[in-house]
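# Structure at a glance
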Amino acid sequence: MNAPMQNIQHLIPEFERWKERYPAGFEGSLTIPCLRRIQEERGYIADSDIDELVAYLGVPRTQVDEVLGFYTMFTREPLGRYHLQVCHNVSCSLRGADGLIKYLCGRLGIQPGETTPDGQFTISTAECLASCGTAPMMIVNETYHEDLTPAKVDALLEELAK
Amino acid sequence: MSQADRKRGNNEPVDTSKTIAFSINGVPCTAYKGESVIQAAQRAGMDIPHFCWHHDLSVPGNCRICMVEVEQDKGDPWFDIGCNMPVTEGMRVLTESDTVKKLRRETMQFITLNHPVDCGICNKAGECILQDYHYEHNGKASMSIDRKNHATKFFPLSDRIMLDNERCIMCTRCVRFTHEVSESHALAAVYRGDHSLIRPAEDANFNDDAYSDNVIDICPVGALLSRENLDHARVWYTKATPSVCPGCSRGCSIDIWHRKPEWALKALDPQLNSRIERVTPHENPAVNGPWICNKARDLATIFERPRATQAMVQGTPVELDEAIARAAGFVQNARRVVALVSSWGSNEELEAFAAAFAPRLGGAVTAYAKADHVPQSGEVVEDHLLIKADKNPNLTAATARFPLAPADLAAALAGADVVLVWGEGVAQASLPAGVTVIRLDGYAQEHNASAHVFIPLSIQTERSGHYTNFEGTVTPFEACFAPKAPVAHAAELFPRLAGTVQLAGAGA
Amino acid sequence: MTAPVTEPVLSGRKFFMNHEVTPTSHTLADYQARGGYQALAKVLKGGVAPADVIKEVSTAGLLGHGGAAFPAGRKWGVIRPDDGEPHYVCMNADEGEPGTFKDRWLLEQVPHMAVEGLILASYAIGGRHAFIYIRGEFDLPFHRIQGAVDEAYAAGLLGKNILGSDYSLDVVVYRGAGSYVCGEASAMLASLEGKKGWPRNRPPRLTVKGLYQKPTVVNNVETLANVPVILSLGAEEFRKTGTPKSPGTQMISISGHVNRPGVYEVEYGYSWEKFIYEDCGGIQGGRGLKCIIPGGVSTKILDADQIKGVTLDHNAAVAAGSQLGSGGMIAIAEGTCMVRLARVIQRFYHHESCGQCTPCREGMGWMERVLDRIVRGEGRPDDIDRLYHISNANDGTTICSLGDSAGYACTAILDHYREEFEYFIKNGRSMMDGQLAVEDPFAGAVPTPLRGMAGAAV
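Residues numbered from 1 in each chain as written. Chains lettered and ligands numbered in written order. Predicted model: local features only at pLDDT ≥ 70, side-chain atom pairs only at ≥ 80, totals over all residues. Heavy atoms only, no water.

What follows concerns empty space enclosed by the protein. Gaps left between atoms are located by rolling a probe of water-molecule size over the structure's atoms. Residue and element names in this part refer to chain B. Applying the stated rule across the entire model yields eight cavities of 30 Å³ or more. Approximately 200 Å³ is the volume found for the largest cavity. Forming the boundary of the largest cavity are 19 residues, of which Trp344, Asp441, Ser458, Ile459 and Arg463 lie nearest the centre. For the second largest cavity, the calculated volume is near 90 Å³. If you go around the second largest cavity, you meet 14 residues; those closest to its centre are Cys168, Cys171, Cys174, Cys219 and Leu224. (1 Å grid on protein atoms, 1.4 Å probe; cavity = no way out; pocket = protein on both sides within 12 Å on 5 of 7 lines; lining within 4 Å. Points joined across faces, edges and corners; volume = space filled by probe spheres on them.)

Our next topic: the sheet that holds strand S6 (residues 155-156) of chain B. Residues and elements named next belong to chain B. Strand order across the open sheet formed by three strands is S6-S7-S10, with antiparallel pairing between neighbours. The open sheet has two edge strands, S6 and strand S10 (224-226), and neither has a second partner. Where S6 meets strand S7 (residues 161-163), two bridges bridge the pair, whose relative direction is antiparallel. Residue pairing for S7: Phe155 is matched across the bridge by Leu163. (Pairing = 2+ DSSP bridges. Helix = DSSP H or I, 4+ residues; strand = E, 2+ residues; numbered from the N terminus.)

We now examine the domain arrangement of chain A. Each assigned domain of chain A is listed with its residue range as follows: domain 1 (9-70) and domain 2 (82-161). For domain 1 of chain A and domain 2 of chain A, the distance between their C-alpha centroids amounts to 30 Å. (Domains from an automatic or database assignment.)

The partner chain B presents 34 residues to the 38 residues of chain C that form the contact. Overall, the association of chain C and chain B removes approximately 3,000 Å² of surface from exposure, summing both partners, and the carbon and sulfur fraction of that is 51%. Of all residues in chain C, Arg361, Trp366 and Arg369 of chain C give up the largest surface area on contact with chain B, accounting jointly for 23% of the area buried on that side. Summed over the shared surface of chain C and chain B, the result is three salt bridges. The closest approach of N and O atoms between Arg192 of chain B and Glu352 of chain C, which form a salt bridge, is 3.2 Å. Joining chain C to chain B, the criterion identifies 23 residue pairs in polar contact (both at pLDDT 80 or more). Elements supplying a minimum of two residues to the side of chain C that touches chain B: helix H13 (338-352), helix H14 (358-375) and helix H15 (383-393) of chain C. Ranked by the residues each element gives to the side of chain C that touches chain B, the list is headed by H14 of chain C, at 10 residues. For the side of chain C that touches chain B, a count of residues per class yields 11 nonpolar, 16 polar and 11 charged. (Contact = heavy atoms within 4.5 Å. Buried area = accessible area lost by both parts, 1.4 Å probe. Salt bridge = Lys/Arg side-chain N within 4 Å of Asp/Glu carboxyl O. Polar contact = N/O pair within 3.5 Å; in protein donor to acceptor, adjacent residues only side chain to side chain. Nonpolar A, V, L, I, M, F, W, Y, C, P; charged D, E, K, R; others polar.)

Bringing the interface of chain C and chain A into the picture now. Contacts between the two partners involve 83 residues from chain C, matched on the other side by 61 residues from chain A. Together chain C and chain A conceal approximately 5,500 Å² of surface at their shared face, both sides included; 61% is due to carbon and sulfur atoms. Counting the surface chain C buries against chain A, the share from its top three residues, Ala177, Phe442 and Leu450 of chain C, is 13%. Seen at the junction of chain C and chain A, the total is three salt bridges. One salt bridge in this structure joins Lys196 of chain C and Glu66 of chain A, with 2.9 Å as the shortest N-O distance. The interface formed by chain C and chain A contains 26 residue pairs in polar contact (both at pLDDT 80 or more). Those elements that provide at least two residues to the side of chain C that touches chain A are strand S2 (127-134), helix H7 (140-154), strand S3 (170-175), helix H8 (185-192), strand S5 (249-256), strand S11 (328-333) and H13 of chain C. No other element matches the seven residues that H13 of chain C contributes to the side of chain C that touches chain A. Partitioning the side of chain C that touches chain A into residue classes produces 45 nonpolar, 21 polar and 17 charged.

Below, the discussion takes up the environment of Thr125 of chain A. All names here are of chain A. Its place among the elements puts Thr125 in strand S2 (residues 121-126). With 41 residues separating them in the primary sequence, Thr125 and Leu84 have C-alpha atoms 8.3 Å apart. When sequence neighbours within four positions are dropped, the list of residues in contact with Thr125 reads Val86, His88, Ile101 and Pro112.

Burial of H8 of chain C is extensive: eight of the eight residues sit out of reach of the surface. Of all the residues in H8 of chain C, the buried ones are Ala185, Ser186, Ala187, Met188, Leu189, Ala190, Ser191 and Leu192 of chain C. On its buried face, H8 of chain C sits against helix H2 (31-42) of chain A together with strand S1 (87-93), S2, S3 and strand S4 (216-220) of chain C. Positive phi appears at Gly194 of chain C, one or two residues downstream of H8 of chain C, with a value of about 85°. (Buried < 20%, exposed > 50% of the residue type's maximum accessible area, 1.4 Å probe, protein only.)

A word on helix H2 (residues 98-111) of chain B. In a regular helix each residue adds 1.5 Å, so 14 residues correspond to 20 Å; H2 of chain B covers 20 Å between its end C-alpha atoms and thus fits that length. If you check which residues of H2 of chain B are buried, you get Val100, Leu103, Arg104, Glu106, Thr107, Met108, Gln109, Phe110 and Ile111 of chain B. The elements touched by buried residues of H2 of chain B are strand S3 (67-71), strand S4 (78-81), strand S5 (92-94) and helix H3 (129-138) of chain B together with H14 and H15 of chain C. (Expected span 1.5 Å × (residues − 1).)

This part covers the domain arrangement of chain C. Residues and elements named next belong to chain C. Looking at the assigned domains, one finds that chain C contains domain 1 (29-239), domain 2 (256-333) and domain 3 (338-427). Computed over C-alpha atoms only, the centres of domain 1 and domain 3 are separated by 35 Å. Across the contact, 12 residues belong to domain 1 and eight residues belong to domain 3. Taken together, both faces of the contact between domain 1 and domain 3 bury some 870 Å²; the carbon and sulfur share is 68%. The largest contributions to the domain 1 side of the interface with domain 3 come from Tyr180, Trp198 and Pro199, which together make up 55% of the buried area. Run the count over domain 1 and domain 3 and you get zero salt bridges. Where domain 1 packs against domain 3, one counts three residue pairs in polar contact (both at pLDDT 80 or more). In the side of domain 1 that touches domain 3, the residues fall into five nonpolar, four polar and three charged.

Residue and element names in this part refer to chain C. Read from one edge to the other, the open sheet built from four strands follows the order S3-S2-S1-S4, with strand pairing classed as parallel. The open sheet is flanked by S3 and S4, the only strands paired with a single partner. The sheet shows a mean angle of 20° between the axes of neighbouring strands, direction not considered. Two elements, S1 and S2, share seven bridges in a ladder whose sense is parallel. Within S2, the residue paired with Met91 across the bridge is Ile132. In the packing of H7 onto the sheet, the strands contacted are S2 and S3, and the crossing angle to S3 comes to about 165°. Its contacts with the sheet place helix H9 (residues 221-233) against S1 and S4, and it is angled at close to 90° to S4. (Axes fitted to C-alpha atoms, helices over the stretch in contact; angles between N-to-C directions.)

The subject of this paragraph is the pattern of salt bridges. Tallying each qualifying case throughout the model produces 65 salt bridges over all chains. As a salt-bridge pair, Asp298 of chain B and Arg160 of chain B come within 2.9 Å of each other at their nearest N and O atoms. Linking Asp298 of chain B in the loop between helix H6 (294-297) and helix H7 (300-303) with Arg160 of chain B in the loop between S6 and S7, this pair joins segments that are 138 residues apart in sequence. On the basis of relative accessibility, which here comes to 26%, the residue Asp298 of chain B falls in the partly exposed class. Taking the relative accessible area as the measure of exposure, Arg160 of chain B reaches 21% and is therefore partly exposed. Of the charged contacts in the structure, one is a salt bridge between Asp372 of chain C and Arg343 of chain C, with a shortest N-O distance of 2.4 Å. Here Arg343 of chain C lies in helix H13 and Asp372 of chain C lies in helix H14, a separation of 29 residues in the sequence.

Pasting the structure below:
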């Protein structure tokens with residue numbers, strides 16, 4: 001694994017390139033894309049990241065505080081290496097989401113909202129992920145895993161646990 | 001940014017040169033072009049209930065209690081919030097229809113759904129808009145039998161302000177204030193849904209916002225409270241006396257709150273009966289609008305400093321009249337008097353001084369206006385909103401009459417045999433040796449005992465008068481308390497010192 | 001299975017699902033081979049004025065596909081061409097309405113149709129920058145649409161002087177970060193401004209003051225994907241599909257208890273029953289259909305009788321008592337517990353409420369708490385009135401329609417299935433078997449702890 005990220009300086013050239021596509025005066029818009037990129041690298045958003053981003057973008061600190069608290073995809077704490085987000089909305093519930101969640105919790109020994117002690121897996125419930133036709137399903141980090149069955153879940157967990 | 005540029009209760013500019021005719025509850029009204037229904041109604045003297053709307057902040061339209069009905073010739077009436085509803089020609093607005101009342105009841109049900117209703121221990125009780133609206137627009141018990149959401153009961157938003165998240169109704173007035181008025185950007189609304197919370201920005205120190213305490217006033221519920229004044233007195237035991245803040249030459253209009261005489265405490269320390277309980281803004285569109293800075297909130301630290309209560313002659317206590325007689329003797333027999341005039345004197349006191357010494361001013365008597373107070377370290381000197389560098393309430397009026405004392409006081413005082421020091425700001429060391437010093441002041445200072453004559457004076461809260469601010473606006477203040485010790489009122493003192501009024505015993 | 005009552009005469013045309021999906025069918029080369037970007041070329045090189053593009057789209061009668069079915073041409077026509085302000089088009093790819101996944105299909109399989117439509121729409125309203133706001137969770141759809149934008153730039157279809165014309169356009173694909181309410185147009189724009197997704201009150205409309213307070217048009221992916229279709233065929237030809245009041249086709253994503261869930265393209269006017277019972281293979285487990293959520297949970301539920309003889313078009317859906325909405329259809333089999341279903345729906349709305357306005361912020365949590373309590377077996381007789389009260393108090397009183405929708409969803413279920421709620425309240429258990437799934441792949445599965453994990457008491 002690479003050396004842990006100290007600061008966001010190495011991402012600035014990328015942010016500068018993004019700015020070129022936006023109209024002038026839209027620098028504040030970069031708040032969300034920059035935070036996504038930071039979290040992609042670090043795995044979560046550190047307090048120092050926020051300080052540096054605010055300094056770079058020139059947005060009020062409150063804007064970043066509010067964005068981090070509002071959107072579900074941002075986390076300020078490290079999660080498990082694999083974040084399993086299981087949809088429990090209507091269509092997934094109609095096709096076995098409750099059973100999927102119970103099964104996952106049983107296999108991993110944790111409840112939704114928790115991380116396994118070895119830091120490998122976090123389970124969260126999620127609302128509709130636009131995968132209703134291939135329910136039940138879940139997202140593992142960024143990837144959709146659809147039409148899940150116990151066998152598929154078992155195979156997936158075996159693969160991830162390697 | 002000027003006050004005019006700032007949004008005033010509207011998200012659109014208002015054009016006061018164009019008017020629109022419409023009606024509210026059948027009563028003909030006029031609105032300016034661009035005004036919302038709630039703005040026009042308020043100018044017409046009709047108050048549509050509102051929590052989140054404020055006439056000096058942008059319009060968020062989130063509380064929904066200002067819903068009104070609009071009748072149409074054809075079709076059903078429509079309903080929407082009045083704070084974001086532009087007035088149109090011939091519009092027929094209803095604010096008291098059955099449907100509007102039902103909507104208000106329902107909104108109040110929602111607002112109080114998770115509200116702790118702990119009025120019994122909440123400082124806002126008695127001046128709480130939520131309480132008032134509950135009785136006025138709902139008055140029924142909650143329809144919910146489920147648990148309320150719980151949140152932080154005492155969150156220290158700053159050293160001065162506590163936040164109770166359970167009482168908060170997310171009107172966001174406080175957040176908008178810090179972004180639009182004080183520009184400290186210190187507050188945010190974080191998280192989502194009914195887990196939303198007001199929180200300070202994680203880098204800003206709300207302590208650094210010189211206007212932070214205004215959020216206490218504009219909070220419509222008991223969510224934001226002054227930590228200093230927490231649990232001191234129920235609001236209905238106190239009364240507000242209009243006054244003027246002496247903290248700088250802006251001269252903001254304020255209300256000084258103190259116990260009502262009929263609610264005087266008998267068993268506890270009597271000093272509590274004549275204490276400043278708190279200071280709030282007194283809305284004055286010509287001077288400060290609805291805001292004041294934190295220095296005004298802390299006026300007790302100025303007005304309740306140890307007082308000078310004892311007249312003295314060279315440090316020896318004497319009766320007040322004797323001190324006045326001795327001082328008058330010095331003044332009237334002096335070859336040359338230099339008077340350093342207080343910039344904390346009221347217009348009336350300055351007038352009395354000028355009138356008393358008129359015959360000799362420019363001759364044997366020279367008067368200079370002085371700045372009793374100067375900016376202290378750590379204090380905001382001047383800013384974009386209210387605070388002015390001149391930290392005195394009436395230097396403007398004083399310098400209109402008398403020249404400003406030069407920085408090199410020694411030069412000004414050269415040749416004087418009597419120096420009359422009225423008020424603060426003149427160190428003993430800056431007075432020449434061998435000169436007769438007469439000090440008149442309200443506060444106990446070490447150098448009072450060194451004066452040849454010291455006469456204790458009343459302070460602003462013990463008399464009425466007017467100040468003139470930096471723009472020339474004259475604002476009145478009223479007395480809150482009676483002086484506790486025998487002190488002189490400066491306006492009555494000067495004629496006696498100058499000899500234009502005979503001393504005690506003689507006719508005027 | 002009920003036979004359809006009438007068989008409308010339909011052209012059988014498909015505009016999106018009219019080609020074989022292959023590993024490359026989404027690419028620029030394949031799209032152009034199918035005639036892609038010829039509409040754009042016709043407009044830019046043939047000297048078609050922006051106003052003419054608007055006129056063509058208006059004449060075609062294109063209705064928005066995001067849920068509100070607002071006429072697209074009329075929305076564009078509000079923008080004043082000579083106001084000296086920047087104008088923006090924002091493609092709403094935030095598909096978050098439960099049951100809806102048809103925009104996902106379009107983004108994955110025909111992203112260039114969406115891009116071409118975006119360019120044409122921007123041209124029509126005089127925009128120099130356009131945005132594609134795509135929900136943060138989408139992974140493959142994001143790569144496909146970003147890939148399409150990159151291909152378009154490389155081919156001179158985006159950027160300066162498109163196809164050698166005077167028209168230039170920059171497109172930014174903006175990824176969200178997890179919020180259903182950011183599918184609401186004004187919340188989307190707040191999010192695009194880098195802020196939390198709080199919707200705004202109107203006035204002003206977004207076409208007057210939108211993104212950064214400039215005139216902005218927000219259109220759904222499918223709406224924009226229809227634009228090159230209309231400009232290729234011409235409005236008159238386009239109107240030969242569908243019905244007079246709902247011309248064209250509707251992408252429908254169907255899920256729930258049907259045997260063949262997935263994305264379908266139906267021409268407006270197609271028989272609803274034929275769609276469910278034939279195309280989608282009918283209901284799982286040999287059961288009958290209990291009810292349908294027509295277009296996302298924010299539309300009112302219709303029971304099986306209510307769709308008899310009804311065609312899939314906007315007017316028919318409204319006449320039947322609901323709306324086609326976002327095209328996210330959910331079929332619910334007989335025997336499903338509607339009380340548990342209502343709880344899942346309100347849990348969703350509570351999770352997604354932005355918290356800004358009083359009725360929704362307080363009401364959503366309240367509804368979930370009441371339904372939780374009923375499902376736990378602790379319901380009270382007046383809970384039904386309570387649910388109606390909360391729903392009605394959210395109707396027309398909120399900043400955006402999240403509150404309204406939650407209310408409609410709840411009252412429609414209560415109107416149809418009140419007896420199930422009364423039963424649950426009285427007896428402390430479901431009138432049905434309490435299961436929400438008909439065919440549950442995890443039924444009977446026994447989870448053994450993964451090696452290295454402590455066993456959990458589930």
